[in-house]
Amino acid sequence: MAELLEIERVGKTFGAPAEAIVAIRSVDLSVAKGEFVSIVGPSGCGKSTLLQIVAGLVPASAGEVRLEGQAVTAPPTGVVYLFQQYSRSLLPWLSVEKNVRFGFSHARSLSPREAEERCVHYLDMVGLADFRRRYPWELSGGMQQRVAIARALAAEPRMLLLDEPFSSVDALTRLELHGLILELWHKTGLTILLVTHDVEEAVYLSDRIALLTRRPAQVAEVFANALPRPRKPVESREDPRFLELRHELLTRLLQPA
Amino acid sequence: MVGMQLRGFALVIGLLLLWELSVRSGVVRSESWPAVSTILQALVTGFKLGGWGEVFGSSLYRMALGFLLAALAGVMLGLVLGASALLHRIAMPTLEIFRVLPSPAIVPPLIFLLGVDDALKVTVIAIAAFFPILLNTIAGVKAADPVHLLVARTFRVPRRRILLGVQLPSALPYVFAGCRISLGIALIVTVVTEMIAGSAGVGYYIVSMQYAMRASEMYAAIILLSAIGYLLNRLFLALERRSLRWAHGLERQAAHG
């Protein structure tokens, strides 16, 4: 498989050299085209920072991120970062449809008709086509995150970077969104890199899981996930391979420093 | 809400009745303290003869022009200075020096440059109304949610579109607050400039009536001025509510969520 993304010895330090805080020591990881990879680590280990470096939103202090061989220094085309805080990532002065349009309208010159069709298409994918004239703050948290997902997909990226996108919705909505994201991943052939502290989420969704150490972060180990697809919300979670990987990851995460 | 307002107006009417009584009962006997009924007669006569239209028309025209210029310049410059820390640092000391000057103080020097007609008054009104809008716009741009800006970057939204499509709408509640302050200032400065220099408008009229010892006409103009100021503020509040529906919706969501 061709590597789409390569993270090579990426490090990040904050603050002046004298009192610098090393957030990320050195991370190596690559993601193949079409793969679903998760990064799991303890809170505050710098995994969101790592994802923002991959997204070109934050510069790395050391090492390099390459997308199809090209070094990432600014947000690259075709890579979209999905934020954890859906209520802050949607623009409250725009309707749902205009929010979706915000993600792509400047990139290509589409006729108003084509743009609307594209909005409706992706809102339909997340089941919200009927809500396109509403405003984000009129919707529930789960619906808002679905709008944010539709907006990300409507930009038709090659790669989606998910920063704990399911952590601030309720448990049932989270399961629904898991199903949705897997379905969309399957349909679109996207490559997905997910950052989460939820071990079950990582095991349920991904092909491989990179376990990070405590800060300063580095990859402790990359686990291949043997859990068969298609994943089913109830049965997959009772599968011995799911339980085994979950056990391993949780044990490692809970180890005293 | 309506009931509360009616009760509020009852106090206004009560005070006016007290004024009327103070004259009719003979407690106050003065040429310069006419009864409210006499003032109202002068008010009505003014409407019949069409004199108010001329007096207030020219004042409101200058005020509107000065205010619009201030709003335009304040918002445009505010956007630029809010978005660029460097320009903000360069421009602020100069702006602060001008800001603290009381606007009547710049009338005499400006007379040298602009004469005593509309150009002078509109300029002074615009300068005075400019600063609250400028400072509020700058604060509003700086208060834009950093997540919104990151979202714009991950979608590779061009700089100018971020300014107009994200930072300007974010600043809008601040812009409106600044404009409302400036609207009041514009009305004050309109009247003051007409009192200092000129031969038209309500400021000139009030002073002339005072010189001519025509107290009823003087008070009639003042009462009308107050009514117009009140109405302008109410109109502006209504416009603000319509334009900032999303901000109120967001507040409600925050309160419930």
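Now for a look at the structure at hand. Numbering of residues begins from 1 in every chain and follows the order in which that chain's sequence is written. Lettering for chains starts from A, numbering for ligands starts from 1, and both go in the order in which the items are written. Per-residue local features of the predicted model are confined to residues with pLDDT of at least 70, and side-chain atom pairs are confined, for both listing and counting, to 80 or more; whole-chain, interface and lining totals are unaffected and use all residues. As a convention, hydrogens and water are excluded, and side-chain values are obtained from all of the structure's heavy atoms.

### Here's the deal with the pairing of strand 1 (residues 3-14) of chain A
The two faces of the sheet receive side chains in turn, since in a regular strand these alternate between them. All names here are of chain A. Across 8 bridges, the pairing between strand 1 and strand 2 (residues 21-32) is antiparallel. Across the sheet, Thr-13 pairs through a bridge with Val-22, a residue of strand 2. Between strand 1 and strand 2, which pair antiparallel in sequence order, lie 6 residues; one of them, Gly-15, sits at a positive phi of approximately 90°. Here 5 bridges tie strand 1 to strand 4 (residues 62-67), and the two strands are oriented antiparallel to one another. Residue pairing in the sheet places Gly-11 in a bridge with Ala-62 of strand 4. Two strands are said to pair when DSSP picks up at least two bridges between them. Helix numbering and strand numbering both begin at the N terminus, where a helix is a DSSP run of H or I of at least 4 residues and a strand a DSSP run of E of at least 2.

### Some details on the pattern of salt bridges
Put simply, a salt bridge is a Lys or Arg side-chain nitrogen that is within 4 Å of an Asp or Glu carboxyl oxygen. Tallied over the full model, the rule gives 26 salt bridges over all chains. Arg229(A) is the partner of Asp207(A) in a salt bridge, and the nearest nitrogen-oxygen pair spans 2.6 Å. Residue Asp207(A) is located in the loop between helix 7 (199-205) and strand 9 (208-212), and its partner Arg229(A) is located in the loop between strand 10 (217-224) and helix 8 (235-238); the two are separated by 22 residues in the primary sequence. Using a 1.4 Å probe on the protein chains alone, a residue whose accessible area is under 20% of its type maximum counts as buried, one over 50% counts as exposed, and one in between counts as partly exposed. Given a relative accessible area of 31%, Arg229(A) falls into the partly exposed group. The salt bridge partner of Arg180(B) is Glu240(B), with a shortest N-O separation of 3.0 Å. Remark: Glu240(B) occurs in helix 10 (residues 215-243) and Arg180(B) occurs in helix 8 (residues 159-196); sequence separation between them is 60 residues. The buried category is assigned to Glu240(B), whose relative accessible area is 13%.

### Some thoughts on the packing of aromatic side chains
Note on aromatic pairs: the rings of Phe, Tyr and Trp (six-membered ring only in Trp) are paired at centre separations within 6.5 Å, and the planes decide the class, stacked below 30 degrees, edge-to-face beyond 60, tilted for the rest. Enumeration according to the criterion identifies 13 aromatic pairs over all chains in this entry. Consider the rings of Tyr135(A) and Trp137(A), whose centres lie 5.5 Å apart with planes at 25°: the pair is stacked. With relative accessibility at 10%, the residue Trp137(A) sits in the buried group. Measuring from centroid to centroid gives 5.4 Å for Trp52(B) and Tyr205(B), while their planes differ by 70°, and the two rings are edge-to-face. A residue pair is termed long-range when its members are at least 10 positions apart, and Trp52(B) in helix 3 (residues 51-83) and Tyr205(B) in helix 9 (residues 201-211) qualify at 153 residues. On the accessibility criterion, Trp52(B) (5% relative accessible area) is buried. One aromatic cluster in this structure is built from Trp19(B), Trp33(B) and Tyr219(B). Ring-over charges, as used throughout, are those where CZ of Arg or NZ of Lys falls within 6 Å of the ring centre and within 35 degrees of the ring normal. The cationic tip of Arg237(A) hangs over the ring face of Tyr204(A); the distance from NZ or CZ to the ring centre is 4.1 Å.

Honestly, it's all geometry; don't read function into it.
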